[in-house]
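Geometric and topological summary
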Amino acid sequence: MKTAILLLHCPDKLGIIAELTKFITDNNGNIVYLDQYVDTVDKMFFMRIEWELDGFRIPQDKIEEYFRTLYCSRYDIVFNVYFSDVKPRMAIFVSKMSHCLYDLLARFKAGEMDVEIPCIVSNHENLRYVAEQFGIPYYVWSIAADHSNKAEVEKAEMELLERERVDFIVLARYMQIITDGMIARYPHNIINIHHSFLPAFVGAKPYDQAYKRGVKIVGATSHYVTAELDAGPIIEQDVVRISHKDTPESLALKGRDLEKIVLSRAVKKHVERKVLTFNNKTIIFS
């Protein structure tokens, strides 16, 4: 059954849930999912509501307009509307490590992620064979050691993303800094996997940092990319226990299993439209 999904936030106010559900039911919509949360510190209201479009009186292409006219100024609502029959188009960026890429593509082929993957982008040729196994176009732009061609490369990448109508980007261990221009073009639509339990061990070689610090757990964090390195809204995290017997190499091996699981969870939540960002934090609906 085709559905519409409404994600929104606004200042908390009495009667919002009743008003919004009435809008749907008065127009012959059958609500199949409703989850809401009130942040009592910031006095903010968050909601995800989904309803069947079969028999809904408002045409699909007019729902956003109707909702904006009726409620945006009245409740100071910020919202997005999505439709279950519109598959988001996901680009994957990689460098040399294959574990996250393989996991994403395997889940995609198994039907676990309702997306389209029009392209894989890399700064190395190493993983072209993986893309070919799954029949997905693979594009390479090498980046000079001094980053002198960084702007040129990103311009070419952006042209590809526009041409392929990409909705969001997944950095599957892509070992390059994304510039402010691309971040601005895809706000809260670039998902990264960082191989530590942020905010611990930001930046390069976190497993070496963890080993030197003598921690007893290592983790992985999937987050939206912002201009501040490894500091964007966190979508998913997990940890694994380690001991004094572990080396930086064994930490990395344990961490790789965690990285691919954490990244796939984050991507799935994003695709299912269950993530809402506010003030550099996320509300994750069940």
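Each remark here, short or long, concerns the structure printed above.
In short, a report on the structure. Keep in mind that this is a model prediction, so the values were computed, not measured. (Residues numbered from 1 in each chain as written. Predicted model: local features only at pLDDT ≥ 70, side-chain atom pairs only at ≥ 80, totals over all residues. Heavy atoms only, no water.)

Considering the state of the cysteines
Scanning all chains against the criterion turns up 0 disulfides. Between Cys 72, a cysteine without a disulfide, and Cys 10, which holds the nearest cysteine sulfur, the sulfur-to-sulfur distance is 9.6 Å. According to the relative accessible area criterion, Cys 72 is buried, its value standing at 16%. The thiol of Cys 100 is not disulfide-bonded; the next cysteine sulfur, from Cys 119, is found 18 Å away. When its relative accessible area of 1% is taken as the criterion, Cys 100 is described as buried. (Disulfide = S-S within 2.5 Å. Buried < 20%, exposed > 50% of the residue type's maximum accessible area, 1.4 Å probe, protein only.)

A word on the pattern of salt bridges
Two side chains of opposite charge can pair, provided their charged atoms sit close to one another. This model, assessed by the stated rule, comprises 22 salt bridges. Across the pair Glu 65 and Lys 62 runs a salt bridge whose closest N-O atoms are separated by 3.8 Å. Judged by its relative accessible area of 43%, Glu 65 is partly exposed. The class of Lys 62 is partly exposed, set by a relative accessible area of 35%. Where salt bridges share partners, they join Glu 236, Asp 238, Arg 265 and Lys 269 into one cluster. (Salt bridge = Lys/Arg side-chain N within 4 Å of Asp/Glu carboxyl O.)

A look at the nonpolar core
One finds Ile 92, Leu 105, Ile 120, Leu 263 and Val 267 to be the most contacted residues of the largest nonpolar core, which totals 32 residues. Contributions of two or more residues to this core are made by β5 (89-94), α3 (99-109), β6 (116-122), α4 (128-134), β8 (168-171), β9 (190-194), β10 (217-224) and α8 (248-271). Top element by residues in this core is α8. It accounts for 6 residues. With residues near it in sequence (within four places) discarded, Leu 263 still touches Cys 100, Leu 104, Val 170, Leu 171, Ala 172, Ile 191, Asn 192, Ile 193 and Ser 222. (Core = buried A, V, L, I, M, F, W, Y, C linked by side-chain atoms within 4.5 Å. Helix = DSSP H or I, 4+ residues; strand = E, 2+ residues; numbered from the N terminus. Contact = heavy atoms within 4.5 Å.)

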